[in-house]
Amino acid sequence: MDIISQIAPELNHIIGQLVQWIHSLVPSYGLAVILFTVFLKIITLPMDYWQRYSMRKNMLLQKKLKPFTDQIDRKYAVDPSDSKYQENQRIAASEKQALYKKYGYSLSAGCLPMIIMMAIFLFMFDGFRVYSNYSNTLIYNNLVNTFNTAYTVSLPEEERNEFIAQLNAFDAEIAQLHNAIALLEAKLKTAPEAEKPLIQDEIDELSLSLEIKTIQRKDIFDEKNRREKQASEYAAQQVGLAFDNIHEPFLWIKNIYRADSWQSVWPTYSEMSQQLSEAQKVSFTESDYNLIYNAVMEYSETGKGYFDSHWNGLLILPLLSIGLSFLSTIISQRLNRTKDDVVDEQTQKSNRMMMFMMPIMLAFFVFTYTAAFAVYMVSNSFLSILSSIAMTPIINKSAQKKVDADFISREPSYSRTVSYTHLT
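Residues numbered from 1 in each chain as written. Predicted model: local features only at pLDDT ≥ 70, side-chain atom pairs only at ≥ 80, totals over all residues. Heavy atoms only, no water.

Peer 1: Kindly report on the overall build of the protein chain, identifying the contributing residues and their values.
Peer 2: Looking only at helices and strands, the protein chain has 11 helices and two strands in total. Across the 424 residues that make up the protein chain, the buried fraction comes to 44%. When contacts within the protein chain are restricted to residue pairs at least 6 apart in sequence, those whose partners lie at least 24 apart make up 81%. Carbon and sulfur atoms make up 60% of the accessible area of the protein chain, which amounts to about 22800 Å² in all. (Helix = DSSP H or I, 4+ residues; strand = E, 2+ residues; numbered from the N terminus. Buried < 20%, exposed > 50% of the residue type's maximum accessible area, 1.4 Å probe, protein only. Contact = heavy atoms within 4.5 Å. Areas by Shrake-Rupley, 256 points an atom, 1.4 Å probe, with all protein chains shown as cover.)

Peer 1: So what's going on with the nonpolar core? Which residues, and what values?
Peer 2: Counting residues in hydrophobic clusters, the biggest one holds 70 residues, and the most contacted among them are Y29, F128, Y140, W266, I292, V296 and F373. Of all the elements, helix α4 (residues 107-154) adds the most residues to this core, at 15 residues. Each residue touching F128, except ones within four places of it in the same chain, is listed here: V19, Y29, V33, F36, T370, F373 and Y376. Counting 16 residues, the second-largest nonpolar core is a separate cluster that includes I72, M391, A399 and V403. (Core = buried A, V, L, I, M, F, W, Y, C linked by side-chain atoms within 4.5 Å.)

Peer 1: Before we move on, can you summarise the pattern of salt bridges with the specific residues and values?
Peer 2: The tally for this structure, following the rule as stated, stands at 13 salt bridges. A salt bridge links K304 to E301; its shortest N-O distance comes to 3.2 Å. Residue class for K304 comes out partly exposed when judged on its relative accessible area of 34%. Three or more residues are tied together by salt bridges with common partners; here these are K41, D48 and R52. (Salt bridge = Lys/Arg side-chain N within 4 Å of Asp/Glu carboxyl O.)

Peer 1: Please provide a residue-by-residue account of the packing of aromatic side chains, values included.
Peer 2: Counted under the stated rule, the structure contains 17 aromatic pairs. With a centroid separation of 6.3 Å and an interplanar angle of 70 degrees, the aromatic rings of Y131 and Y257 are classed as edge-to-face. Taken together, the residues span a long stretch of sequence, with Y131 in helix α4 and Y257 in the loop between α6 (196-246) and α7 (269-274) at a distance of 126 residues. Here the two residues Y131 and Y257 agree in accessibility, since each one is buried. The interplanar angle of 75 degrees and the centroid separation of 5.8 Å between the aromatic rings of F243 and W266 together place this pair among those described as edge-to-face. (Phe/Tyr/Trp six-rings, centres within 6.5 Å; stacked < 30°, edge-to-face > 60°.)

Peer 1: Describe in detail a nonpolar patch on the surface, supporting the description with residues and values.
Peer 2: There is a patch of nonpolar side chains on the surface, built from F307, L314 and I316 and spanning about 260 Å² of accessible area. Among the secondary structure elements, I316 is positioned in helix α9 (residues 316-335). (Patch = residues over 30% accessible without salt bridge, like charges linked within 9 Å, V, L, I, M, F, W, Y side chains within 5 Å.)

Peer 1: How would you explain helix α1 (residues 14-25) if you had to name every residue and give the values?
Peer 2: Compared with an ideal rise of 1.5 Å per residue, which puts 12 residues at 16 Å, α1 spans 17 Å between its outermost C-alpha atoms and is within 8% of the ideal. Inspection of α1 places I15, G16, V19, I22 and H23 among the buried residues, and these make up the whole buried set. Across the axial projection of α1, the buried residues extend over an arc of 125 degrees, all falling on one side. Away from its buried face, by an angle of more than 90 degrees, α1 presents the exposed residues I14, W21, S24 and L25. (Expected span 1.5 Å × (residues − 1). Arc of directions from axis to C-beta.)

Peer 1: If you had to explain the confidence of the model for the protein chain to someone new, which residues and values would you point to?
Peer 2: The pLDDT averaged across the protein chain works out to 82; a share of 87% of its residues lies at or above 70. α6 holds the highest mean pLDDT among the elements of the protein chain, 93, whereas strand β2 (residues 421-422) holds the lowest, 40. Residue range residues 414-424 is modelled with pLDDT below 50. Its contacts to residues more than four positions away, or to other chains, number 23 contacts. (pLDDT = per-residue confidence, 0-100.)

Peer 1: Describe in detail the packing of α1 against helix α2 (residues 29-75), supporting the description with residues and values.
Peer 2: Axis separation between α1 and α2 bottoms out at 9 Å; the angle between their running directions is 120 degrees. Overall, the two elements α1 and α2 adopt an arrangement that is oblique. As for how α1 packs across α2, the hand of that crossing is right-handed. Residue-level inspection shows I15, L18, V19, I22 and H23 of α1 in contact with α2, the latter providing Y29, A32, L35, F36 and F39. Its residues placed into classes, the contact of α1 with α2 shows nine nonpolar, one polar and no charged. (Axes fitted to C-alpha atoms, helices over the stretch in contact; angles between N-to-C directions. Parallel < 35°, antiparallel > 145°, perpendicular 65-115°, else oblique. Left-handed = near helix turned anticlockwise from the far one by under 90°. Nonpolar A, V, L, I, M, F, W, Y, C, P; charged D, E, K, R; others polar.)

Peer 1: Hey, could you go over a negative patch on the surface for me, with residue numbers and the actual values?
Peer 2: Judged by side-chain charge, D201, E202, D204 and E205 come together as a negatively charged surface patch. As for its position among the elements, E205 is in helix α6. For E205, a relative accessible area of 55% gives the class exposed. (Lys, Arg positive; Asp, Glu negative; His and termini not counted. Charge placed at Lys NZ, Arg CZ, Asp CG, Glu CD.)

Listed below in structure tokens is the structure:
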């Protein structure tokens, strides 16, 4: 007999399926995530290279074109209070844009790969989330089977049925006694005075039998509850032992499918129910689930976690991923810039925004969601630092060569019309 309903697991995410396949080849999910991150980094390396190359080329172009853009600014410089100020600003911006276009300066060339990488980031996060939810579901089903098996061993089906049969028999006898007493009480009201003592004696005798049967039924019922409680406690202990054997640790993290944070090693009912579809929730009740949750938290050594609050982790991976992300951005920006580079205000704002936006966004994801995602972010940031150090000299040389070649073949010029006149 199933004491707790199971949940039908679903894994319909391509990233989750890929991670599952890698996980089937290696013994550790954390190692599978690292291998997946390396694979993904290799696949996206050309895009990463193009983004860095485009940004470096833009910086070099700004440096080369600055004397000419400054000359444009001087030519159209007027006092802001002058009536021609707005028109001159428009013309100057138009001529700068024409000059940049002539030499291939484009912010979109560097932004498009960044947008694609951001989309990949969000897709990766969703994939790890789906696979972690799927794995937690499988673990839950395993624990349910453990509970049901242990419960049945402690309280066999035959014994449960015997209790139920005895209770049903007592219920039938008690119902008969109630009916018999009710009939006699009705008869007593209309019986002759001479017969009433006999009827009352019969009622008293049946009432005594009813009292005895009620006490006997209560004894059976209490024994049934005692045996069920005993079986439940034994089953809960076996669930705790089973979780210790089947949970997926990684380094100091108790359960890698949970965050390396203050979260418990096993999701609460509200957390688990949020992971399920409406169809899965049909046979998923809070009371049933809490039997498993309480068993893990009370009888599992793993479930006790760190500190009195039973933390799943120590916040090391989240803090490390945020720090490495911040460091990776700084290293990338500094390696792609020399002290005499010219960087426009918009690019500087964009760089500053990226430097702080990513760590802030990470702070939400890595402190709340699966530790596997934090492993991915740490691995990805570390690989990004290595790739920045390795690719930067090549990118700088290639971009410099391209810009120099363009300036040799084309001399900078500008005009308010389609044709260009030389700057003097």
